[in-house]
Amino acid sequence: MPTGYMGAELAEVSPGDTVVVIGCGPVGVFAQLSSLIRGAATVVAVDLDIGRLKKAEDRGCRPLNPAKEDLNEVVKSLTDGRGADCAIEAVGKPTTVQAALESVRSGGKVSVIGVVAGDEQITIDFLPLVMGKNLTIRSGIVNPQYYIPKLMPMIQQGRLDPTEIITHRLSLSDVPRGYEIFDNHDEDVLKVVMTP
């Protein structure tokens, strides 16, 4: 939850904004909800997982499967051709970072909260894509101690529900199965909680 909220904060989501959130996993869910809480008019939730897209639609987002629809065309149709005001990348892949950069309007803001690690490097055609569009790009690793005091009142008021992402509860003896379910996106999984 703190990472998703940080994504919306870094993207400076404001009332009336059109926001693209790439990734409907646990972090993406909270980026969507945080964008809505901050007043976004439209949140486009992007993922390949049909079950996760359905859940995003149920929470008030416009679901988009990039294998079936063109993200940029959909966003332009929603914004009279301008592009999104903000994009939050919650996957951590060079292709999804690129998609976030391309989806926003001139002067737009992009936050990258998906962890791009290992051998994967992001190559950006900087002049036309970033400077030419006057984009703001922000990223970082979350400091939960900073965000938890901001989020607790929203949880207590019922505006945010951290349990929304829990789809499975398994015993500690089922740890290997839990990882397998999550890794394979089986059984419409979002988050597995292990209990003693």
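Coordinates for the structure precede this section.
Numbering of residues begins from 1 in every chain and follows the order in which that chain's sequence is written. Since the coordinates come from a predicted model, pLDDT governs what is reported: local features require at least 70, and pairs of side-chain atoms require 80 or more to be given and counted, while whole-chain, interface and lining totals use all residues. The basis for every side-chain value is the complete set of heavy atoms in the structure, and neither hydrogens nor water enter the calculation.

Novice: Teacher, can you tell me more about the packing of aromatic side chains here?
Specialist: Two measures describe an aromatic ring pair: the distance that separates the ring centres and the angle between the ring planes. What counts as a ring pair is set by centres within 6.5 Å for rings of Phe, Tyr and Trp (its six-membered ring), and what kind of pair is set by the plane angle: stacked under 30 degrees, edge-to-face over 60, tilted for all other angles. Applying the stated criterion to the full structure yields two aromatic pairs. A centroid spacing of 6.0 Å and a plane angle of 65° characterise the contact between Y5 and Y147, whose relative ring orientation is edge-to-face. Residue Y5 is located in helix α1 (residues 2–10), and its partner Y147 is located in helix α7 (residues 144–156); the two are separated by 142 residues in the primary sequence. Each residue is placed in one exposure class: buried if its accessible area under a 1.4 Å probe, protein chains only, is under 20% of its type's maximum, exposed if it is over 50%, and partly exposed if it falls in between. Judged by relative accessible area, which is 10%, Y5 ranks as buried. By relative accessible area, Y147 is classed as buried at 6%. Seen from their ring centres, Y146 and Y147 are 4.8 Å apart, and the 90° between their planes marks the pair as edge-to-face. One aromatic cluster is present, built from ring pairs that chain together Y5, Y146 and Y147. In this text, helices come from DSSP runs of H or I with a minimum length of four residues, and strands from runs of E with a minimum of two, each type numbered from the N-terminal end.

Novice: When you look at the sheet that holds strand β2 (residues 42–46) in this model, what are you seeing that I'm missing?
Specialist: Working definition: the strands of a sheet are paired by backbone hydrogen bonds and lie parallel or antiparallel to each other. Here a strand pair is declared whenever DSSP counts at least two bridges between the two strands. Taken in spatial order, the six strands line up as β3-β2-β1-β4-β5-β6 in an open sheet, and their pairing is parallel. The two strands at the open ends of the sheet, each matched to only one other strand, are β3 (62–64) and β6 (136–139). Here the average twist between neighbouring strands, direction ignored, is 20°. Looking at chain direction, strand β4 (residues 84–89) and strand β5 (residues 104–112) are connected through five bridges and run parallel. What sits directly across from I88, in β5, is S111. The sheet strands contacting α1 are β4, β5 and β6, and the helix crosses β6 at an angle near 155°. For helices, the fitted line uses only the C-alpha atoms of the stretch in contact; every axis is such a line through C-alpha atoms, and the angle between N-to-C directions lies from 0 to 180 degrees. Contacts were defined at the residue level, with two residues in contact if any of their heavy atoms lie within 4.5 Å.

Novice: Help me understand the pattern of salt bridges, please; the structure alone is not making it clear to me.
Specialist: A side chain of one charge can pair with a side chain of the opposite charge when the charged atoms of the two come close. Note on definitions: salt bridges are taken to be side-chain nitrogens of Lys or Arg within 4 Å of carboxyl oxygens of Asp or Glu. Taken as a whole and assessed by the stated rule, the structure comprises nine salt bridges. We note a salt bridge from K150 to E9, for which the minimum N-O separation is 3.2 Å. Here E9 lies in helix α1 and K150 lies in helix α7, a separation of 141 residues in the sequence. We classify K150 as partly exposed; its relative accessible area is 32%. In this structure, the salt-bridge partner of D188 is K55, at a minimum N-O distance of 3.7 Å.

Novice: Mind showing me how you'd approach the packing of α1 against helix α2 (residues 26–37) here?
Specialist: It is the contact of α1 with α2, at a shortest axis distance of 7 Å, that shows an interaxial angle of 50°. Classified by the interaxial angle, the pair formed by α1 and α2 is oblique. Considering how the two elements wind past one another, α1 and α2 form a crossing that is right-handed. The residues of α2 that touch α1, namely those facing T3, G4, Y5 and A8, are V27, F30, A31, S34 and S35. Here is the rule for angles: anything less than 35 degrees is roughly parallel, anything more than 145 is roughly antiparallel, 65 through 115 is roughly perpendicular, and the remaining ranges are oblique. Helix crossings get a hand from a simple test, with the near helix turned counterclockwise from the far one by less than a right angle marking a left-handed crossing and a clockwise turn marking a right-handed one.

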